[in-house]
Each structure stands twice: as structure tokens, then as C-alpha cells.
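# A look at the structure
Single-letter residue listing:
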Amino acid sequence: MKKKSAAAIAMARTAGMSVKNVLWLWWKLVVLVSLTLCVLAFLKLQSYSLSDSELPSSFSTSSISRRSRPLDYSGNPKVAFLFLVRRNLPLDFLWGSFFENADTGNFSVYVHSEPGFVFDESTTRSSFFYDRQLTNSIKVAWGESSMIQAEKLLLGSALDDPANQRFVLLSDSCVPLYNFSFIYNYLMASPRSFVDSFLDKKDGRYNPKMTPYIPMSKWRKGSQWITLIRKHAEVVADDDAVFSVFKMFCKRRPPLEPSKGKKNMKLQKQHNCIPDEHYVQTLLAMHDFEGELERRTITYTEWNESVTNMEKKGWHPITFSYADAGPVQIKRIKDIRNVYYESEYRTEWCRNNSTLVPCFLFARKFSRGAAMRLLSEGVVSQFDAASIMNSTP
């Protein structure tokens, strides 16, 4: 009996150890599978945001341009005028007059239009725009990452000329408020970029999926219409990492469509983000360049709260008509000396090297009639607006 009992005990012990071994092996397998899934999830996240480059370990250090660009140039530094247009340039007659009063060695012109569109004598009234279109332009959609990609293409082309030291982004409805000499001296006198940049914690456009690549503390908002010094233009043109995150996680909400009925409610719950109102501001903040900025735009826009098919209510730019472009209205814009940022309780005084100056050098959105009135009133130069009423383009 004792022998049998001992054998039984030995068998029970062996069985117990076998169960423990099985459980241990099972536990190790669970841990291994969990780790594998975590690694795969991490790699998937990387592929979403950083497909072709790895984010720098810190954005606080100075960025070195990846592209090799010539640095030396002779003559005066130039202002690069970068026009981001849908197709043609409807206010080319005004800009032609503006450039006629300038030394051609002090500026350059670049135009991003729809692919295949060529600026020549059949499509523009001004020879200053002949063949100035980019050959690598893309199809641009409002509120999409293609908008900031087009801006990057314009900057990249302009940076190939080492004499270009200031870079002004303009739309097809922008007009100058002063003559060339005033604008050139204003821009060259400042060692800073003019970038409208502010915190807006209420806008809800920051997408948590951007973490940790774009910290919420660096998220900024502002006007698309920027003016950059060369150092900052290189950072924007050469960035791939932050642009990739924007492309994936900063997208506008689909528009309201009556035909979709109740589905609109579901669509409106999607995250809404307008890339061109955040990209440059956030990128420069991540590089700790905010101390090198005048945190304001030099392009005036008048806003009106209204309803569109994009949203129930929002702020939208007003288009200036002929009646809105008289001397009194233009003087009112020129007399502005500060801008108030409600979300930061900040008043930005418009200074240039500690001197109080007009806040705005350009304005938008101007109709063709409004632009003609600017010319006839001699804002840009003395010009007979009637002479272009019957011209072809």
C-alpha cells in the first residue's frame, strides 16, 4: 500500500508540474503575442504619418536645409511675389502697373496655376507674368493639404534664386495698397517674417491623433497669407515630416448637402481642420522661431459672419466692389496700426524695427472693378483704367 501511495503521489506531482509548465508556456505566448501586436500597431502608426522620413528628435534646434542651394548673389536683394491662383490672374493689369514702377532687379514673380495653364500674351495683359507659371504645379482644392503643397512648391522654386530674400504669398484677388518702393523698403527694413500666428483653444481643430509628432502646445492658427525671410522659407519648403502628419490628420469636414438628409448630422461630427490656416504657423512654432516673427499678416481681409453650404455659420471674407474701394475706405485700412487677438487677449502693435508703421501692405478680396478704381485713384500709380475695359484677356 505504501508503495502504491508513493507512486500515486509521484504521478500527481508530475501532473501538477505539467500543468504549471503548460500555464507558464501559455503566459509567455500571450506576452509574446501582445508585444508583437504592439510593435505592429506602432509600425502602422508610423506608416500613416511618416512614410518617407523620421521626425527630428527635437524641433527646438536650428534646421539645416536638405537641398543644396546657391548662397551668393550680386545686386540688390529681391522680393519674390508668389501668386497662388485658380487659373489666370484677373487683376494682372493692376500688378503690371505696380511692377512697371519698380527696378526689375528688385523683384521676381512666380505663379502657381492649374497644371498646363501657360501665362503668355493670349492669357495675361502684363508681360511681367509671361512664362512665370510653375512647371510642376498640382491641382489644388480649398481646405485640402494640396493648398499647402502648392505654397511649398512656390517657395521651393523661388529659393532657387539666391537673390530672393523676402517671399510674399498672394492670392488672385490680392492688391497692393502702396507703390513698389514703399513695400520694398518696408519688407527689407525688417529682419523678421510676417506670420499671423495665435493660440485658439476653442476652435477644436487640433486632432489628438497628431500626438506626439505635433504637440498641442505648438498648435497655432492664423492667416494663410504670409511673408517670410529666406531662413523660414527654407524650413517650410523643405519640411516633409510635419506636412505628412497634416496630410493624414488635418482634413476639412465634408460640406452640408441637402440630398444627404440625416447623413449630414453624422458627417458634421467628423473632425474639421483647414490645413492652410495652421501649417506654417505650427511648423515655425515647432522650430521655436516665434521670437523671429512679427506675429501678424500684412494682407488685410474684411470678414463677415454668414451661412454657407460648408457650415451652419462661420466667418468668411468680403469681396470689395468698386463702391468699396474709394479713398475713404482705403485710407481706413492704411490707418490701422494694431491688431487685437481676442483668443490671447493680445494687442499686436504694428512695428518695423521699433517704429510704428501701417499694419497692411496688401488687401483682399478685390473685384476687377475695385482694382480699376485703385488705379484710377492713383493708389498704385497714375493710370487710365478705361484703357483696359476692352482689352482681351
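Preceding this paragraph is the structure being described.
Fair warning: this is a prediction, and the values are worked out from it, not measured in the lab. (Residues numbered from 1 in each chain as written. Predicted model: local features only at pLDDT ≥ 70, side-chain atom pairs only at ≥ 80, totals over all residues. Heavy atoms only, no water.)

### A few points about empty space enclosed by the protein
- Throughout the structure, instances matching the rule amount to two cavities of 30 Å³ or more.
- Space inside the largest cavity adds up to approximately 60 Å³.
- At the level of elements, α3 (145-159) and β3 (164-171) are the ones that each hand at least two residues to the lining of the largest cavity.
- Broken down by element, the residue count for the lining of the largest cavity peaks at three residues, all from β3.
- For the lining of the largest cavity, a count of residues per class yields nine nonpolar, no polar and one charged.
- There is about 40 Å³ of room inside the second largest cavity.
- Taken together, Ile148, Glu151, Ser223, Gln224, Ile226, Pro275, Asp276, Tyr279, Val280 and Gln281 form the lining of the second largest cavity.
- Mapped by element, the contributors of at least two residues to the lining of the second largest cavity are α3 and α8 (279-286).
- Tallying contributions element by element places α8 first for the lining of the second largest cavity, with three residues. (1 Å grid on protein atoms, 1.4 Å probe; cavity = no way out; pocket = protein on both sides within 12 Å on 5 of 7 lines; lining within 4 Å. Points joined across faces, edges and corners; volume = space filled by probe spheres on them. Helix = DSSP H or I, 4+ residues; strand = E, 2+ residues; numbered from the N terminus. Nonpolar A, V, L, I, M, F, W, Y, C, P; charged D, E, K, R; others polar.)

### Observations concerning the state of the cysteines
- Under the criterion given, the structure shown has two disulfides.
- Bridging cysteine 250 to cysteine 273, the disulfide has an S-S length of 1.9 Å. Negative torsions about the S-S bond denote left-handed disulfides, and the value of about -75 degrees found for cysteine 250 with cysteine 273 makes this one left-handed. Of this pair, cysteine 250 sits in the loop between α6 (241-249) and α7 (263-267) while cysteine 273 sits in the loop between α7 and α8, and the two are 23 residues apart along the sequence.
- Among the residues examined, cysteine 250 registers a relative accessible area of 2% and is labelled buried.
- What makes cysteine 273 buried here is its relative accessible area of 0%.
- Across the disulfide, cysteine 350 is cross-linked to cysteine 359 (sulfur-sulfur distance 1.8 Å). With the S-S dihedral at roughly 95 degrees, the linkage between cysteine 350 and cysteine 359 falls on the right-handed side.
- For cysteine 350, a relative accessible area of 0% puts it in the buried group. (Disulfide = S-S within 2.5 Å. Buried < 20%, exposed > 50% of the residue type's maximum accessible area, 1.4 Å probe, protein only.)

### What to know about the packing of helix α2 (residues 92-100) against helix α10 (residues 368-376)
- In the contact formed by α2 and α10, the axes pass within 9 Å of each other and the chain directions differ by 25 degrees. By the angle class used here, α2 and α10 are roughly parallel. Here α2 runs over α10; the crossing is left-handed. Between α2 and α10, the residues in contact are Phe93, Leu94 and Ser97 and Arg368, Ala371, Met372, Leu374 and Leu375, respectively.
- Of the residues in the contact of α2 with α10, the class split is six nonpolar, one polar and one charged. (Axes fitted to C-alpha atoms, helices over the stretch in contact; angles between N-to-C directions. Parallel < 35°, antiparallel > 145°, perpendicular 65-115°, else oblique. Left-handed = near helix turned anticlockwise from the far one by under 90°. Contact = heavy atoms within 4.5 Å.)

### Details of the side chain of threonine 227
- Assignment of secondary structure puts threonine 227 in strand β6 (residues 227-229).
- According to the relative accessible area criterion, threonine 227 is buried, its value standing at 3%.
- Apart from the residues within four sequence positions on either side, threonine 227 is in contact with Phe167, Val168, Leu187, Ser193, Phe194, Val195 and Ile298.

### Quick word on the environment of leucine 94
- Here leucine 94 is to be found in helix α2.
- Residue classification places leucine 94 among the buried residues on the basis of a relative accessible area of 0%.
- Put simply, leucine 94 and methionine 372 are 278 residues apart on the chain and 7.3 Å apart in space, counted from C-alpha to C-alpha.

### Some thoughts on the pairing of strand β11 (residues 338-341)
- Of the pairings in the sheet, the one linking β11 to strand β12 (residues 346-349) comprises four bridges and is antiparallel in character. When the sheet's bridge partners are listed, valine 339 is paired in β12 with glutamate 348.
- From the end of β11 to the start of β12, which pair antiparallel, there are four residues, and tyrosine 345 there has a positive phi angle of about 50 degrees. (Pairing = 2+ DSSP bridges.)

### Structural notes on the sheet that holds strand β8 (residues 299-301)
- If you walk across this open sheet you meet the three strands as β4-β15-β8, and the pairing is mixed. Lying at the two open borders of the sheet, with one neighbouring strand each, are β4 (175-176) and β8.
- Pairing of β8 with strand β15 (residues 362-364) involves three bridges; the strand directions are parallel. Residue pairing in the sheet places threonine 299 in a bridge with phenylalanine 362 of β15.

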